Amino acid sequence: MTLYELIKCVSDIITPETNDFYHYVLYTSDDDGGFLRTRYCWWEKPVRDRQLSRQYTRVLVACAREINEKDLVDREGTKLKLQFHYNFADAEFDDAAWDLQMGYGYLYLFDLTKKDYVMERRECIY
């Protein structure tokens, strides 16, 4: 599986009628090795695709606020700050301790097998 394919799997769950999440993550993120983090603006080129060596069942996405599809299409900046983890092949909410310290308190756990997700709100740890 490639990084683009993984992002697309999550996008098909969170925004099944559009590619809004997919394009948002591709064009607003930096690859920080194991996770993608949104920048402050949209870029002309997407984050670089790469071959991933794992089979993914659950993917963790941590956000600074709840995902709103309107924020995914507004190109006047990046209103939704998020971290998309590809370092956990079978992610759990407890994998988000570092995200919580960084202020990402809206946690989304995407089950790629069931094609569903669960959102959990946790207090950020500063």
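The residue numbers shown here count from 1 along each chain, following its written sequence. Confidence filtering applies because this is a predicted model: local features only for residues at pLDDT of at least 70, side-chain atom pairs given and counted only at 80 or more, and all residues used for totals across whole chains, interfaces and linings. Side-chain measures were taken over the full set of non-hydrogen atoms in the model, leaving aside hydrogen atoms and water.

(A) Here's a closer look at the sheet that holds strand β3 (residues 58–63). For two strands to be treated as a pair, DSSP must find no fewer than two bridges joining them. Where helices and strands are cited, they refer to DSSP runs of H or I of at least four residues and of E of at least two residues respectively, numbered from the N terminus. Here six strands make up an open sheet; going across it, the order is β1-β2-β4-β3-β5-β6 and the pairing antiparallel. Sheet topology places β1 (29–31) and β6 (116–121) at the edges, where each strand pairs with a single neighbour. Across the sheet, the mean angle from the axis of one strand to that of its neighbour is 20°, orientation sign disregarded. Contacts were defined at the residue level, with two residues in contact if any of their heavy atoms lie within 4.5 Å. Between N-to-C directions, angles cover 0 to 180 degrees, with each direction set by a line fitted to C-alpha atoms, over the stretch in contact for helices. Strand contacts of helix α1 (residues 3–14): β1, β2 (35–38), β3, β4 (82–85), β5 (106–111) and β6, with the helix running at about 105° to β5, the strand carrying the most contacts.

(B) Layout of the pairing of β2. Relative to β2, β1 runs antiparallel, the two being bridged by three bridges. Its bridge partner lying in β2, S29 is registered against T38. Count of turn residues in the β1/β2 antiparallel hairpin: three residues, of which G33 carries a positive phi of about 75°. In this sheet, β4 lies alongside β2 in antiparallel orientation, the contact comprising three bridges. Directly across from F35, in β4, lies its bridge partner H85.

(C) Fine view of the packing of α1 against helix α2 (residues 20–28). In contact at an axis separation of 7 Å, α1 and α2 are set at 140° when each is read in the N-to-C sense. Comparing the axis directions of α1 and α2 gives the class oblique. As for how α1 packs across α2, the hand of that crossing is right-handed. Contact residues: α1 offers Y4, I7, K8, V10, S11 and I14, while α2 offers F21, Y22, V25 and L26. Relative orientations are named as follows: roughly parallel for angles under 35 degrees, roughly antiparallel for angles over 145 degrees, roughly perpendicular for angles from 65 to 115 degrees, and oblique for any other angle. Left-handed describes a crossing whose near helix is turned anticlockwise from the far helix by less than a right angle; the clockwise case is right-handed.

(D) Up close: the packing of aromatic side chains. Each pair of aromatic rings taken from Phe, Tyr and Trp, with Trp reduced to its six-membered ring, is defined by centres within 6.5 Å and is described as stacked if the planes are under 30 degrees apart, edge-to-face if over 60, and tilted in the remaining cases. Scanning the entire structure with this criterion turns up seven aromatic pairs. Ring geometry for Y24 versus W42: centroids 5.6 Å apart, planes at 80°, classification edge-to-face. On the criterion of sequence distance, the pair formed by Y24 in helix α2 and W42 in the loop between β2 and β3 is long-range, its members being 18 residues apart. Both residues of the pair, Y24 and W42, belong to the buried class. Between F110 and Y117 the ring centres are 5.3 Å apart and the planes differ by 35°, which places this aromatic pair in the tilted class. Judged by its relative accessible area of 33%, Y117 falls in the partly exposed class. By way of ring pairs, the aromatic residues Y108, F110 and Y117 are connected into one cluster. We call a charge positioned over a ring when the NZ of a Lys or the CZ of an Arg lies within 6 Å of the ring centre and within 35 degrees of the ring normal. The cationic tip of R121 hangs over the ring face of Y106; the distance from NZ or CZ to the ring centre is 4.5 Å. Think of it in three bands: with a 1.4 Å probe and only protein chains considered, a residue is buried below 20% of the maximum accessible area for its type, exposed above 50%, and partly exposed in between.

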